[in-house]
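Inside the fold
What follows is the residue order along each chain.
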Amino acid sequence: MTKSAVVTAGTGGIGLETAVGLAAAGFAVTVIGRDADRGAKAVQRINAERPAHSGRFRSADLASLDQVRALADTLAAEHAASGEPLTVLVNNVGAMFARRQHIDGIEASFVVNHLSPYLLTELLLPTLTAGEPSRVVNVTSAAVRAARRVFDGVEPPGGYYGFHWYGRAKLANLAYTLDLAQRVQGTGVSVFAADPGGAATDMTNGTLTDPKIVSPPLRLVWPLVRRQFERSTSGSASAAARPSITAATDPTLTGRTGLVIGPSAEPVSPFRAATDPRIADAVRRLSQAHAPVATPANADHLG
């Protein structure tokens, strides 16, 4: 039976390299992105490798939770109609914002880096469970170490500093990932985080040169820290995709769950704050409040 995979933000950079790697491993891969031209080029790149199954593109702006819901409906319906199991979901989407932005009234970094992958995963869990054994791979970041660990609200108190807020949203998603692994244990769905280490991508191009992206205490040493960070993100996208591909395909991970696959494509210890049950509980409440999976009409049905 055909194995299939969905890769969000899969039309370029690490996401595209992940999609190419999964196609080479025998998966029928669907890449998600906003731009149809980039999507067509991504499919051409995948197909140029002569995989067993042609690549596919589905359009969605993953910064819009309404479009995430529509995408989940489309993917679930396609897999139900075809009988093709969904065996891998790679949430690769990510974005860093130099200035505070809001999407539908919610702070943008938290939407893109956490609520969007959270919602897509939750909505596709029935499809992933039907396709078990299956895997969810959420792409994390070393920036979690710069996060302000306050989750009383979507936006922490104090000024906006893009690098820290990006790290905070990624920390929320990492805590969710580890929490989800425990919640779905025994269902046949394994859940992993993948740390790409770093690559030169569109996300960081130019953003890190703005000293206001970090809090005032860090600005004095930011040029040095930035150079170190830029060196760590100067590798190839294909190398940075290895942890995601490993998490999605490595047979030695069969039956295992709740692991972080590090830049060397080996399991590493998770960032300690992400294992804090208080943070996981706070993130769970925020996620359910701002990206509810169950609507009032179907909440009773979903239990």
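To be clear, the structure that these remarks concern was listed above.
Description of the structure in this document. What you see is a predicted model; the values in this text were computed from it and never measured. (Residues numbered from 1 in each chain as written. Predicted model: local features only at pLDDT ≥ 70, side-chain atom pairs only at ≥ 80, totals over all residues. Heavy atoms only, no water.)

**Description of the nonpolar core**
To keep things clear, this is the line we draw: In plain words, nonpolar cores are sets of buried Ala, Val, Leu, Ile, Met, Phe, Trp, Tyr and Cys residues tied together by side-chain atoms within 4.5 Å. A 1.4 Å probe rolled over the protein chains alone gives each residue an accessible area, and that area as a share of the maximum for its type sets the label: buried under 20%, exposed over 50%, partly exposed in between. Runs of H or I in DSSP of at least four residues are treated as helices and runs of E of at least two as strands, each being numbered from the N terminus. Note on contacts: a residue pair is in contact if any heavy atoms of the two residues lie within 4.5 Å.
The biggest cluster of nonpolar side chains holds 57 residues, and the ones touching the most others in it are F110, L124, F151 and L171. The set of elements that each furnish at least two residues to this core consists of α3 (65-82), β4 (86-91), α4 (108-130), α5 (162-183), β8 (189-194) and α10 (277-290). Among the elements that make up this core, the one with the highest residue count is α4 (11 residues). Leaving out residues up to four positions away in the same chain, L171 has contacts with V144, A147, R149, F151, F271, A273 and A274.

**A short note on the layout of surface pockets**
The condition that has to hold: Only protein atoms enter the calculation, which uses a 1 Å grid: trapped sets of points that fit a 1.4 Å probe without letting it out are cavities, open sets showing protein on both sides within 12 Å along at least five of seven lines are pockets, and any residue with an atom within 4 Å of a point is a lining residue. Grid points are joined across faces, edges and corners, and a volume is the space filled by probe spheres set on the points. For this classification, Asp, Glu, Lys and Arg are treated as charged, while Ala, Val, Leu, Ile, Met, Phe, Trp, Tyr, Cys and Pro are nonpolar and the rest, including Gly, are polar.
If you add up the space inside the second largest pocket, you get close to 380 Å³. Lining the second largest pocket are 22 residues, and of these P133, S134, R135, G188 and T254 sit closest to its centre. Counting only elements with at least two residues in the lining of the second largest pocket, the list comes to β4, β7 (134-139), β8 and α9 (242-249). Residue classes in the lining of the second largest pocket are distributed as 7 nonpolar, 12 polar and 3 charged.

**Topic: helix α1 (residues 13-24)**
Operational definition: A helix's residues, less one, multiplied by 1.5 Å, set its expected span.
Look at α1: 17 Å from first C-alpha to last across 12 residues, which is about the 16 Å you get at 1.5 Å a residue. For α1, the tally of buried residues reaches 10 of 12 residues, placing the bulk of the element in the interior. Turning to α1, its buried residues are I14, G15, L16, E17, T18, A19, V20, G21, L22 and A23. Considering only its buried residues, α1 is in contact with β1 (4-8), β2 (28-33), α2 (36-48), β4, α8 (237-240) and α9.

**Focus: the side chain of R135**
To keep it simple, the criterion reads: Counted as positive: Lys and Arg. Counted as negative: Asp and Glu, with His and the chain ends omitted from the count. Salt bridges are defined as contacts in which a side-chain nitrogen from Lys or Arg sits within 4 Å of a carboxyl oxygen from Asp or Glu. Polar contact is defined as a pair of N or O atoms within 3.5 Å, subject to the rule that within protein one atom must be able to donate a hydrogen and the other to accept it, and that residues adjacent in sequence are counted only when both atoms are side-chain atoms.
Here R135 lies in strand β7. Of the side chains with opposite charge, D250 comes closest to the buried, unpaired R135, at an N-O distance of 6.3 Å. There is a polar contact of 2.9 Å between the side chain of R135 and the backbone oxygen of A247.

**Examining the packing of α4 against α5**
Selection criterion: Angles shown run from 0 to 180 degrees and are taken between the N-to-C directions of axes, each axis being a line fitted to C-alpha atoms and, for helices, limited to the stretch in contact. Here the angle decides the label: under 35 degrees means roughly parallel, over 145 means roughly antiparallel, 65 to 115 means roughly perpendicular, and every other value means oblique. In this scheme the crossing of two helices becomes right-handed for a clockwise turn of the near helix relative to the far one and left-handed for an anticlockwise turn of less than a right angle.
Direction vectors running N to C along α4 and α5 enclose 20°, while the axes themselves pass 7 Å from each other. Relative to α5, the element α4 is oriented roughly parallel. Crossing geometry of α4 relative to α5 is assigned as right-handed. Of the residues in α5, those touching α4 at S109, F110, N113, H114, P117, Y118, T121, E122 and L125 are W165, Y166, R168, A169, K170, A172, N173, Y176, L180 and R183. Classifying every residue of the contact of α4 with α5 gives 10 nonpolar, 5 polar and 4 charged.

**Some thoughts on the packing of aromatic side chains**
To keep things clear, this is the line we draw: Side-chain rings of Phe, Tyr and Trp (the six-membered ring for Trp) are treated as a pair once their centres are within 6.5 Å; stacked means planes under 30 degrees apart, edge-to-face means over 60, and tilted covers the remaining angles. Only lysine NZ and arginine CZ atoms are considered, and such an atom sits over a ring when it is within 6 Å of the ring centre and within 35 degrees of the ring normal.
Going through the model one piece at a time under the given rule, you end up with 2 aromatic pairs. Consider the rings of Y118 and Y176, whose centres lie 5.1 Å apart with planes at 75°: the pair is edge-to-face. Highlighted residues: Y118 in helix α4 and Y176 in helix α5, separated in sequence by 58 residues. Residues Y118 and Y176 agree in their burial class; the two are buried. Consider the rings of Y160 and W165, whose centres lie 4.6 Å apart with planes at 65°: the pair is edge-to-face. Take Y160 and W165: they sit in the same class, and that class is buried. Taking the ring centre of F27 as reference, the NZ or CZ of K3 above it sits at 4.4 Å.

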